[in-house]
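Listed here are the chains, written in short residue letters.
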Amino acid sequence: MKKVSELIKPFICVILGALLLLFYLNWLSGQGATLGIGITAVILSVYYLTVGVLGVVLGDKMDKTAKRILDLVSVSLFPLFLFALILISVVAIQTAEEEEIRLMMGPTGWVIAILSMVGSLTFVGFFIVASLVNVKWLQRLCLLFASVFVLVLATNVLFDVYGNPILLGSINLIQIAIYACYTYMMFNVLLKPQKAKEE
């Protein structure tokens, strides 16, 4: 299993970028918010593809500072994208002309939406600070909020935007694959051995 993990590791950004591209490419045929999300997702996917290809081609030859910056950006971008996606979805529901669409979003939907947005931003904030300051207790807090973000991803798989549980046959396997790739990449960056000082 460890050998498989080591084999996949250099290509995880390429896989993530390819899945994002295929998942959101059809959104470019939409209008308004759908088109905006599609364009953003395609740009994000191109970024991950580029970073992945650079990582595979350069390998250990990549400058360490450049590698740290790319890791920082790569881990931060996806939660920010998820935050924007959920915010736009909630706004679209609340501004819908049909009243019944607005009423479909129940308390569970609101709790999940708020948890997702707050969890995404909190994780990104702590991750950036922990990466720059390099203090052990901050790194532990960052791991805690990373786990909360994984919970956010899980709730977005198991519940729809209205807060209704998703049936087994309706679960999106591509979405799960995207989240799994990102989670693997995120913890791979977070768990890198670092010399941090106690404070």
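Preceding this paragraph is the structure being described.
Residues numbered from 1 in each chain as written. Predicted model: local features only at pLDDT ≥ 70, side-chain atom pairs only at ≥ 80, totals over all residues. Heavy atoms only, no water.

1. Description of the packing of aromatic side chains
Here's step 1: For the structure on display, the rule yields 11 aromatic pairs.
Here's step 2: Each ring, one from Phe 78 and one from Phe 81, has its centre 6.5 Å from the other, and the planes form 45 degrees; the classification is tilted. Linking Phe 78 with Phe 81, this pair stays in helix α4 (residues 64–94), spanning three residues, or about one helical turn. When sorted by exposure, Phe 78 lands in the same class as Phe 81, which is buried.
Here's step 3: Considering the side-chain rings of Phe 78 and Tyr 179, the 6.1 Å spacing of their centres and the 75 degrees angle between planes classify their relative orientation as edge-to-face. (Phe/Tyr/Trp six-rings, centres within 6.5 Å; stacked < 30°, edge-to-face > 60°. Helix = DSSP H or I, 4+ residues; strand = E, 2+ residues; numbered from the N terminus. Buried < 20%, exposed > 50% of the residue type's maximum accessible area, 1.4 Å probe, protein only.)

2. Remarks on helix α3 (residues 33–58)
Here's step 1: Here α3 contains 26 residues, and its C-alpha end-to-end distance of 37 Å stays within 8% of the 38 Å for a straight helix at 1.5 Å per residue.
Here's step 2: Among all positions of α3, only Ile 37, Gly 38, Ala 41, Val 42, Leu 44, Ser 45, Tyr 47, Tyr 48, Val 51 and Gly 52 are buried.
Here's step 3: On its buried side, α3 packs onto α2 (12–24), α4 and α8 (173–190).
Here's step 4: Looking one or two residues past α3, Gly 59 carries a phi angle of roughly 60 degrees, positive in sign. (Expected span 1.5 Å × (residues − 1). Contact = heavy atoms within 4.5 Å.)

3. Considerations on a nonpolar patch on the surface
Here's step 1: A cluster of nonpolar side chains, Ile 8, Phe 11, Ile 15, Val 53, Leu 54, Val 56, Val 57 and Leu 58, forms an exposed patch at the surface whose accessible area comes to about 630 Å².
Here's step 2: If you tally residues by element for the nonpolar patch, the top one is α3, at five residues.
Here's step 3: Mapped onto the fold, Leu 58 is located in helix α3.
Here's step 4: Leu 58 sits in the partly exposed class, given a relative accessible area of 37%. (Patch = residues over 30% accessible without salt bridge, like charges linked within 9 Å, V, L, I, M, F, W, Y side chains within 5 Å. Areas by Shrake-Rupley, 256 points an atom, 1.4 Å probe, with all protein chains shown as cover. Salt bridge = Lys/Arg side-chain N within 4 Å of Asp/Glu carboxyl O.)

4. Topic: the environment of Ile 174
Here's step 1: With respect to the helices and strands, the residue Ile 174 is situated in helix α8.
Here's step 2: On the accessibility criterion, Ile 174 (39% relative accessible area) is partly exposed.
Here's step 3: The sequence separation of Ile 174 and Leu 22 amounts to 152 residues, and the corresponding C-alpha distance is 9.2 Å.
Here's step 4: Among all residues touching Ile 174, those that are not within four sequence positions of it are Leu 19 and Phe 23.

5. Let's talk about the packing of α4 against α8
Here's step 1: With their axes 10 Å apart at the nearest point, α4 and α8 run at an angle of 140 degrees to one another. The pairing of α4 with α8 is recorded here as oblique in orientation. Regarding α4 and α8, the two cross each other, and that crossing is left-handed. Between α4, through Asp 71, Ser 74, Val 75, Phe 78, Pro 79 and Leu 82, and α8, the contact on the second element is made entirely by Ile 178, Tyr 179, Tyr 182, Met 185, Met 186 and Val 189.
Here's step 2: When grouped by side-chain class, the residues that make up the contact of α4 with α8 number 10 nonpolar, one polar and one charged. (Axes fitted to C-alpha atoms, helices over the stretch in contact; angles between N-to-C directions. Parallel < 35°, antiparallel > 145°, perpendicular 65-115°, else oblique. Left-handed = near helix turned anticlockwise from the far one by under 90°. Nonpolar A, V, L, I, M, F, W, Y, C, P; charged D, E, K, R; others polar.)

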